[in-house]
Amino acid sequence: MSWRPQYRSSKFRNVYGKVANREHCFDGIPITKNVHDNHFCAVNARFLAIVTESAGGGSFLVIPLEQTGRIEPNYPKVCGHQGNVLDIKWNPFIENIIASCSEDTSVRIWEIPEGGLKRNMTEAVLELYGHSRRVGLVEWHPTTNNILFSAGYDYKVLIWNLDIGEPVKMIDCHTDVILCMSFNGDGSLLATSCKDKRLRVVEPRSGRVLQEASCKNHRVNRVVFLGSTKRLLTTGVSRWNTRQIALWDQEDLSMPLIEEEIDGLSGLLFPFYDADTHMLYLAGKGDGNIRYYEIGSEKPYLSYLMEFRSPAPQKGLGVMPKHGLDVSACEVFRFYKLVTLKGLIEPISMIVPRRSETYQEDIYPMTPGTEPALTPDEWLSGMNRDPILMSLKEGYKKTSKIVFKAPAREKKSVVVNGIDLLENVPPRTENELLRMFFRQQDEIRRLKDELSQKDIRIRQLQLELKNLRNSPKNN
């Protein structure tokens with residue numbers, strides 16, 4: 001019997017990336033030059049939000065998706081933070097509510113008016129203070145309304161109940177800065193990657209670490225749950241400083257199922273997973289390529305499909321939710337690529353080539369919709385529920401009827417698990433100590449300059465007084 005190669009058939013093997021025409025891009029945007037490893041971009045079916053470069057405080061733009069083309073320099077901004085904005089995320093159930101976090105240690109909730117901003121917005125509907133250091137990450141719970149997670153440089157993850165505007169839980173198992181957070185499908189598990197080179201799977205309500213991996217050969221940067229497969233995928237760096245991905249069993253992190261080296265470039269690899277098509281996208285920060293794979297349940301687990309190539313380097317990528325895609329064009333994923341050098345936001349559509357113009361049910365299964373499955377009290381009491389699914393055939397333009405109501409509260413001490421979060425400050429990192437040192441040096445230099453100016457002025461006054469005394473009129 002002669003040997004024959006095994007060919008794997010897949011409906012997604014010919015998926016290709018299509019860049020939008022220039023008139024459908026967003027041009028003239030002063031994209032932030034911050035080196036923090038985040039996307040600085042968030043998108044939903046109505047709005048595109050981009051963190052911008054600003055002098056004094058932090059700001060971001062919110063642009064209606066239909067308002068493409070060149071954006072005016074004086075376009076209104078959301079500019080209430082006193083420090084640089086580090087992350088922004090849209091509420092998955094209320095399309096005009098966006099969360100932001102900043103170096104000013106606050107998390108803020110903003111309500112964007114219908115039709116977008118007409119003037120600068122400086123007042124948030126809710127300001128959340130609980131971290132003692134800058135806040136680097138925010139994530140909305142995937143199935144529960146008004147539950148928000150935030151991770152700060154104080155090594156803590158706070159769980160906020162926005163119905164009352166207070167932190168209700170604290171995850172305090174990390175020993176260094178948290179780099180990434182990812183939820184499983186029903187939000188009952190949280191995976192985190194940390195600067196202490198450990199990968200953790202945590203039960204968020206109790207803060208209990210269920211699984212932990214010490215990544216010595218694979219230094220983890222980013223982690224993502226692979227839908228309902230009970231697997232995790234991480235991107236990071238190998239011991240030879242090459243970019244690498246690893247696949248893990250969420251119930252046993254003692255050893256990765258597979259490790260695969262990607263290339264020798266130095267930029268961070270951002271992973272994006274589409275649970276509907278079981279496709280994984282890998283986009284490198286600082287290069288213009290997006291690789292995509294299909295995830296299988298059996299070995300070899302990862303099947304390489306294709307690579308989208310572009311000469312323009314990307315700083316970050318926003319991802320359109322499923323209900324915002326163009327199903328008539330067989331679009332299965334859409335990125336919004338930040339090109340800092342050109343001040344450009346470039347939509348990239350991933351398309352399955354089909355001849356028929358009818359709705360393709362095999363590539364658009366039922367997908368998580370815009371209705372929450374749980375209330376905050378239900379989730380906090382221990383309930384778990386899968387997301388409420390919707391069909392893209394009929395309901396993908398349906399708007400949510402949920403309205404955000406901000407609680408009225410006063411600023412006060414924030415106590416979680418009997419600990420005042422604003423009083424218990426962890427040891428400062430080396431970078432923070434260096435920044436403090438240079439700030440103090442600048443302050444000392446400024447005070448010396450002021451003193452020298454005052455000394456010169458005193459000498460001038462003394463000289464004038466001496467001249468007056470020695471003048472002929474006084475004699």
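None of these values were measured; they are calculated from a predicted model. (Residues numbered from 1 in each chain as written. Predicted model: local features only at pLDDT ≥ 70, side-chain atom pairs only at ≥ 80, totals over all residues. Heavy atoms only, no water.)

K.L.:
Just give me the short version of unusual backbone geometry, but keep the residues and values in it.
P.N.:
The residue after lysine 299, namely proline 300, is reached through a cis peptide bond having omega 10°. By secondary structure assignment, the location of proline 300 is in the loop between β26 (290-295) and β27 (302-308). Not every positive phi belongs to a glycine, and asparagine 146 is a case in point at roughly 60°. By the element assignment, asparagine 146 lies in the loop between β12 (135-140) and β13 (147-152). (Helix = DSSP H or I, 4+ residues; strand = E, 2+ residues; numbered from the N terminus.)

K.L.:
Tell me about the pairing of strand β16 (residues 178-183), and name the residues and values.
P.N.:
With five of six residues buried, β16 lies mostly within the body of the structure. Summarising the sheet, β16 and strand β17 (residues 190-194) pair through five bridges and their orientation is antiparallel. Its bridge partner lying in β17, cysteine 180 is registered against serine 193. (Buried < 20%, exposed > 50% of the residue type's maximum accessible area, 1.4 Å probe, protein only. Pairing = 2+ DSSP bridges.)

K.L.:
Before we move on, could you go through the pattern of salt bridges and cite the residues and values that matter?
P.N.:
Evaluated as defined, the whole model comprises 24 salt bridges. For the salt bridge of lysine 285 with aspartate 37, the shortest nitrogen-to-oxygen distance reads 2.9 Å. Linking lysine 285 in the loop between β25 (279-284) and β26 with aspartate 37 in the loop between β2 (26-27) and β3 (41-43), this pair joins segments that are 248 residues apart in sequence. A residue is classified by how much of its surface remains accessible, and lysine 285, at 17% relative accessible area, is buried. With a relative accessible area of 35%, aspartate 37 lands in the partly exposed category. The salt bridge involving arginine 334 is made with glutamate 331; its shortest N-O contact spans 2.8 Å. Residue classification places arginine 334 among the buried positions, given a relative accessible area of 13%. Here glutamate 331 falls in the buried class, since its relative accessible area comes to 3%. Salt bridges sharing common partners tie together Arg243, Asp263, Asp287, Arg291, Glu307 and Arg309. (Salt bridge = Lys/Arg side-chain N within 4 Å of Asp/Glu carboxyl O.)

K.L.:
Report on the side chain of threonine 52, specifying residues and quantitative values.
P.N.:
Topologically, threonine 52 is positioned in strand β4 (residues 47-52). Only 3.0 Å separates the side chain of threonine 52 from the side chain of serine 59, close enough to count as a polar contact. Beyond its immediate sequence surroundings of up to four residues, threonine 52 is in contact with Ile29, Pro30, Ile31, Thr32, Ser59, Phe60, Leu61 and Lys77. (Polar contact = N/O pair within 3.5 Å; in protein donor to acceptor, adjacent residues only side chain to side chain. Contact = heavy atoms within 4.5 Å.)

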